[in-house]
Amino acid sequence: MPPFQTLLYDTHEAIATITLNRPERLNTIVPPMPEEIEAATHEAIRDPAVKVIVLRGAGRAFCAGFDLGGGFHHWDEGLTTDGRWDPGKDFAMTTSSSIGPVPKFMSLWRSPKPVIAQVHGWCVGGGSDMALCADLVIASEDARIGTSYSRMWGCYLSGMWLYRLGLTKAKEYSLTGKPLSGAEAVEAGLINGAVPFSELEREVSERARQLAAIPLSQLTAMKLIVNQAYENMGLASTQVLGPILDGLMRNTPDAHEFIELAEREGVSAAAKLRDAPFGDYSQAPPGEQPNPEHVIPARPDWA
């Protein structure tokens, strides 16, 4: 297996660990991260010794979404023609099972082996879509999980926010983009558990070990029946519409002004304009943001 550019892959006994490894950029998503997530997931699927997959992020965040630095130009090949947005290329790429980022994230969902997402720090935008493709999501209590793109420059991608929340909460968070702490996300039914940061890795390891004690065929059967129920609710069609709407929302006049501001004055300036009316994300007081001292090492303790 060739070395990865954006993540690390480790195995120990029956557990494979995939670690997003762009800590200096809060593990924001750039090519080839989606492809590497899929490749690492397939590696774990093929390994007969592996029964459980853990997805985590190095540094002080799980994943702060798609990287907007440089005006998003690292995705130009699939989104533009002659320097201008090409809606045909955009929807063809984003919905393609071969090259679309969301279909790559969905390798976690489709894996016959259960996946636990270990969330700390920021887990926002496309990072939240990625995490929610896992089967179980365990977060630190001070993590912040949200879709700031609900306010500008995006739309639900994987649809997992919709399927994990009931209608009442889905409407609230889709319209406002408000972030939830790890503890609030548990209360809302978005994720499975939240613990103090000091206990996060131990909690995830214990859950992974418990699952690994179950026969793999049993794990696969139970995951399949639950997944199939949600597939029958129209998950695939939601994941076609979401990325198409996302492309449109990235190219409205308001969206162009937003990304031009990000290119001219930095992403933080654009985020401030977007989030100041709500007083959250980077505009929240320190006590309502993840603790920046809560850092996850690139390698698990056992590696």
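The preceding data block contains the structure.
The text that follows walks through the structure, step by step, so that each part is easy to find. None of these values were measured; they are calculated from a predicted model.

Criteria and cut-off values
- Residues numbered from 1 in each chain as written.
- Predicted model: local features only at pLDDT ≥ 70, side-chain atom pairs only at ≥ 80, totals over all residues.
- Heavy atoms only, no water.
- Helix = DSSP H or I, 4+ residues; strand = E, 2+ residues; numbered from the N terminus.
- Rg over C-alpha atoms; globule rule 2.2 N^0.38 Å.
- Buried < 20%, exposed > 50% of the residue type's maximum accessible area, 1.4 Å probe, protein only.
- Contact = heavy atoms within 4.5 Å.
- Areas by Shrake-Rupley, 256 points an atom, 1.4 Å probe, with all protein chains shown as cover.
- Lys, Arg positive; Asp, Glu negative; His and termini not counted.
- Charge placed at Lys NZ, Arg CZ, Asp CG, Glu CD.
- Salt bridge = Lys/Arg side-chain N within 4 Å of Asp/Glu carboxyl O.

1. Points about the overall build of the chain
Turning to step 1, where the next piece is worked out: When its secondary structure is counted, the chain shows 14 helices and 11 strands.
Turning to step 2, where the next piece is worked out: Radius of gyration (C-alpha) of the chain: 18 Å, near the 19 Å computed for a compact globule of 303 residues.
Turning to step 3, where the next piece is worked out: Judged by the C-alpha coordinates and their principal axes, the chain covers about 55 × 40 × 40 Å.
Turning to step 4, where the next piece is worked out: Relative to its full complement of 303 residues, the chain shows a buried share of 51%.
Turning to step 5, where the next piece is worked out: Across the chain, the fraction of contacts at a sequence separation of at least 24, relative to all contacts at a separation of at least 6, is 73%.
Turning to step 6, where the next piece is worked out: Carbon and sulfur atoms form 56% of the exposed surface of the chain, whose accessible area is close to 13500 Å².
Turning to step 7, where the next piece is worked out: With 26 positive and 37 negative side-chain charges, the chain shows a spacing of 2 Å between the two charge centroids.

2. Focus: unusual backbone geometry
Turning to step 1, where the next piece is worked out: A cis amide bond links proline 31 with the next residue in sequence, proline 32, at an omega value of 5 degrees.
Turning to step 2, where the next piece is worked out: Mapped onto the elements, proline 32 comes out in the loop between strand S2 (15–20) and helix H1 (33–46).
Turning to step 3, where the next piece is worked out: The phi angle at tyrosine 281 is positive, at roughly 50 degrees, despite the residue not being glycine.
Turning to step 4, where the next piece is worked out: If you trace the backbone, tyrosine 281 turns up in the segment after helix H14 (267–275).

3. A closer look at the pattern of salt bridges
Turning to step 1, where the next piece is worked out: As enumerated under the stated definition, the model contains 17 salt bridges in all.
Turning to step 2, where the next piece is worked out: Its salt-bridge partner being arginine 250, residue aspartate 90 comes within 3.1 Å of it at the nearest N-O pair. Here the residue aspartate 90 occupies a position in helix H3 (residues 87–94), and arginine 250 occupies one in the loop between helix H12 (235–249) and helix H13 (253–265), the gap between them amounting to 160 residues. Like aspartate 90, the residue arginine 250 is buried in the burial classification.
Turning to step 3, where the next piece is worked out: Residue lysine 223 is joined to aspartate 135 by a salt bridge in which the shortest nitrogen-to-oxygen separation is 2.8 Å. Placement of the pair is lysine 223 in helix H11 (residues 216–231) and aspartate 135 in the loop between helix H6 (126–131) and strand S8 (136–140), with a sequence separation of 88 residues.

Shape is all these values report; function is a separate question.
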